[in-house]
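An overview of the molecular structure
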Amino acid sequence: MSDITDPKPRPSLAPILVLVAMVIAVLAAILGGANGPILMAVVFVFTMAIGVPIPFAAGIATVAGLIIADIPMTLMAQAAWTAFEPFPLVTIPLFILAGQLMEQGGMSEKLVNIAQMLVGAYKGGLGLVTVVACMFFAALSGSGPATTAAIGSITIPAMQAEGYRSRFAGAIAASAGALGSMIPPSNLLIIFALVTDVSIPRLFLAGIVPGIVLGLMLMVVVFVISAKNGYGGTGEKFRWGPLLAAFWEGKWAVMAPVIILGGIYAGIFTPSEAAGVAVAYGLFVGMFIHRGLTWAKLFHAFKFTAIVIGSVLFILGSTKAFGQLVTLFDIPSSVLALFQGLVDYPWLVMLLIGVFYIIVGMWLESIPQIIIFTAVFYPLVTSLGVDPVVFGIFTVMTCEIGFLTPPIGVNLFVAARISKISIEDISVGVLPLLIPYALMILLLVFYSDWVTYLPNLVYGPTR
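Definitions and cut-offs
Residues numbered from 1 in each chain as written. Predicted model: local features only at pLDDT ≥ 70, side-chain atom pairs only at ≥ 80, totals over all residues. Heavy atoms only, no water. Helix = DSSP H or I, 4+ residues; strand = E, 2+ residues; numbered from the N terminus. Buried < 20%, exposed > 50% of the residue type's maximum accessible area, 1.4 Å probe, protein only. Contact = heavy atoms within 4.5 Å. Areas by Shrake-Rupley, 256 points an atom, 1.4 Å probe, with all protein chains shown as cover. Axes fitted to C-alpha atoms, helices over the stretch in contact; angles between N-to-C directions. Left-handed = near helix turned anticlockwise from the far one by under 90°. Nonpolar A, V, L, I, M, F, W, Y, C, P; charged D, E, K, R; others polar. 1 Å grid on protein atoms, 1.4 Å probe; cavity = no way out; pocket = protein on both sides within 12 Å on 5 of 7 lines; lining within 4 Å. Points joined across faces, edges and corners; volume = space filled by probe spheres on them. Parallel < 35°, antiparallel > 145°, perpendicular 65-115°, else oblique. Patch = residues over 30% accessible without salt bridge, like charges linked within 9 Å, V, L, I, M, F, W, Y side chains within 5 Å. Salt bridge = Lys/Arg side-chain N within 4 Å of Asp/Glu carboxyl O. Expected span 1.5 Å × (residues − 1). Polar contact = N/O pair within 3.5 Å; in protein donor to acceptor, adjacent residues only side chain to side chain. Phe/Tyr/Trp six-rings, centres within 6.5 Å; stacked < 30°, edge-to-face > 60°. pLDDT = per-residue confidence, 0-100.

If you tally the helices and strands in the protein, you get 24 helices and zero strands. Across the 463 residues that make up the protein, the buried fraction comes to 52%. Looking at the protein alone, contacts between residues at least 24 apart form 78% of all its contacts between residues at least 6 apart. If you sum the accessible surface of the protein, you get close to 20700 Å²; carbon and sulfur atoms cover 71% of it.

Okay, structure coming up:
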């Protein structure tokens, strides 16, 4: 009886049909004399369309390009080796682990308490607290999704209990959490530096002011929407006493970015050494000061770091070969020729690249996006006179918008899970909070000198 009422679902033919279409398209491209770049693009798009994970899709497309160019397959292994070889790469897992240790050890709660004393009494107080706390925690984690999870898990339920609409509460945490990829230390800025050989300390310094300005703009939007809807706000006057008490209670959390970033900019240690210091600091404070870091939480932190860095290395290895093949096929020169008529309008080229990045970011994860397309656009923008540091900040800023746009908006998924709402619902809630990001993109395109002020002040202007 159950066989009649509950028949087994038949497998869908759609993936098989798409696969067949892909094979036919590839064969037609080869027989028609298509060049390597076109063939790679066809394979890459079709493999992603049938649900192949991005690292595998990039690897398959690279194999297709190697075959048509008659290049030995050993390039794949060599590319992966060179991708894993740079010593600064160790910075990423160490900063991920440090962020986890600080979150699991109770530092995120201390930062939320400080933010609560700072802006919690105003209209939309908890929303403002979320933004400020994300700005603080961004200086510890280096990751947008990690910042969203650490702060959102505390403030989203509190906002919901105070009457905030769930999609607005989740949208605040998602949009402010994206600051974790801009305010240093930033894993995405490190990836950009590894791809382009731009100085990591310069990129870190350049990310401070845009991150703070963006955070302030997000606070304005949160305040306006909260005032309109009557969300939160106790009406109490700001008092220095409770704020100073919160700072003293959370002094170990506040000192973390001072020690880590201050050590880098003062030349006491390199970014890689700073990441090791961050791990030691988070471990010491979590276990012996706050005593919130149990053995179970410590295991969770190491497990989370291993999973994340495993994914990062896999993506890096496969997409590095893809990026090298892009260079071998001289695609950057082709792109430069395509934009030849716009060389007198660098701002227009940057806007077009920004729109392209945002659209691609809806479907592609940030790390492969940076590795693949930086190899294409970096030579173009530098030839137009765009500062490499500015382009790095611009690239990461567009990736942050990718965190906030479906269907691959990682921050949206994290915040939606905490808020217990659908991804569609939170995607609507985040729309007004994308306005500051759009304004920041325009500022980076038309007025970029302020971005390089701090790096040039500390390290001198680039030549």
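Turning to the packing of helix H12 (residues 200–229) against helix H23 (residues 435–446), a few remarks are in order. Where H12 meets H23, the axes come as close as 9 Å, and the angle between the chain directions of the two elements is 145°. Read as a crossing pair, H12 and H23 show a hand that is right-handed. Where H12 approaches H23, its residues Pro 210, Val 213, Leu 214, Met 217, Leu 218 and Val 221 are matched on the opposing element by Pro 436, Tyr 437, Leu 439 and Met 440. Here the contact of H12 with H23 is built from residues that sort into 10 nonpolar, no polar and no charged.

Within this model, the largest pocket holds a volume of roughly 940 Å³. Taken together, 41 residues make up the lining of the largest pocket; nearest its centre are Ser 143, Pro 145, Phe 304, Val 308 and Val 410. Those elements that provide at least two residues to the lining of the largest pocket are helix H6 (91–104), helix H8 (125–141), helix H9 (144–161), helix H11 (187–196), helix H16 (295–328), helix H19 (366–383), helix H20 (388–403) and helix H21 (410–419). Residue composition of the lining of the largest pocket, grouped by class: 23 nonpolar, 15 polar and three charged.

Our next topic: the packing of H11 against H12. Two numbers describe how H11 lies on H12: the axes approach to 9 Å, and their chain directions differ by 140°. In terms of orientation, H11 lies oblique with respect to H12. Read as a crossing pair, H11 and H12 show a hand that is right-handed. In this structure, H11 contributes Leu 189, Ile 190, Phe 192 and Ala 193 to the contact, and H12 contributes Ile 200, Leu 203 and Phe 204. Classifying every residue of the contact of H11 with H12 gives seven nonpolar, no polar and no charged.

This brings us to a nonpolar patch on the surface. Together, Tyr 345, Trp 347, Ile 435, Leu 439, Leu 442, Phe 446 and Tyr 447 give the surface a local cluster of nonpolar side chains, amounting to about 720 Å² of exposed area. With four residues, H23 is the single largest residue contributor to the nonpolar patch. Among the structural elements, Phe 446 can be located in helix H23.

Now for H20. Between its terminal C-alpha atoms H20 stretches 23 Å, which fits the 22 Å expected from 16 residues at 1.5 Å a residue. Judged by how many residues are buried, H20 sits mostly within the fold: 15 of 16 residues are covered. N-cap assignment for H20: the residue whose side-chain oxygen lies 2.8 Å from the backbone N of Val 389 is Asp 387.

Glancing now at the packing of aromatic side chains. Under the counting rule described, the total for this entry stands at 15 aromatic pairs. Both rings, one in Phe 284 and one in Phe 288, keep their centres 5.8 Å apart while their planes meet at 45°; by these two values the pair is tilted. One end of the pair, Phe 284, and the other, Phe 288, are both in helix H15 (residues 271–289), four residues apart, so they sit about a helical turn from each other. Relative accessible area serves as the criterion here: at 40%, Phe 284 is assigned to the partly exposed category. Measuring from centroid to centroid gives 6.4 Å for Phe 356 and Tyr 357, while their planes differ by 45°, and the two rings are tilted. The class for Phe 356 is partly exposed, based on a relative accessible area of 32%. With a relative accessible area of 1%, Tyr 357 lands in the buried category. Within the aromatic cluster, the residues linked to one another by ring pairs are Phe 192, Tyr 378, Phe 391 and Phe 394.

Over its 13 residues, helix H7 (residues 107–119) extends 19 Å from the first C-alpha to the last, a length consistent with the 18 Å expected when each residue adds 1.5 Å. For H7, every residue scored as buried is listed here: Met 107, Ser 108, Lys 110, Leu 111, Val 112, Ile 114, Ala 115 and Val 119.

It is worth spelling out the pattern of salt bridges at this point. Within this structure, the stated rule accounts for two salt bridges. One salt bridge in this structure joins Lys 110 and Glu 249, with 3.2 Å as the shortest N-O distance. Residue Lys 110 is found in helix H7, and its partner Glu 249 is found in helix H13 (residues 240–249); the two are separated by 139 residues along the sequence. Assessed through its relative accessible area of 19%, Lys 110 is described here as buried. For Asp 425, the salt bridge is made with Arg 167, and the minimal N-O distance between the two is 3.4 Å. Taken together, the residues span a long stretch of sequence, with Asp 425 in helix H22 (residues 423–429) and Arg 167 in helix H10 (residues 166–177) at a distance of 258 residues. What makes Asp 425 partly exposed here is its relative accessible area of 27%. Arg 167 gets classed as partly exposed once you look at its relative accessible area, which sits at 23%.

Next up on the list: the confidence of the model for the protein. Across the protein, pLDDT averages 81, with 88% of residues at or above 70. Element-level pLDDT for the protein is lowest in helix H1 (residues 2–5), with a mean of 40, against a maximum mean of 93 in H23. Note on residues 1–11: pLDDT under 50 across the span, and one contact to partners over four residues away in sequence or across chains.

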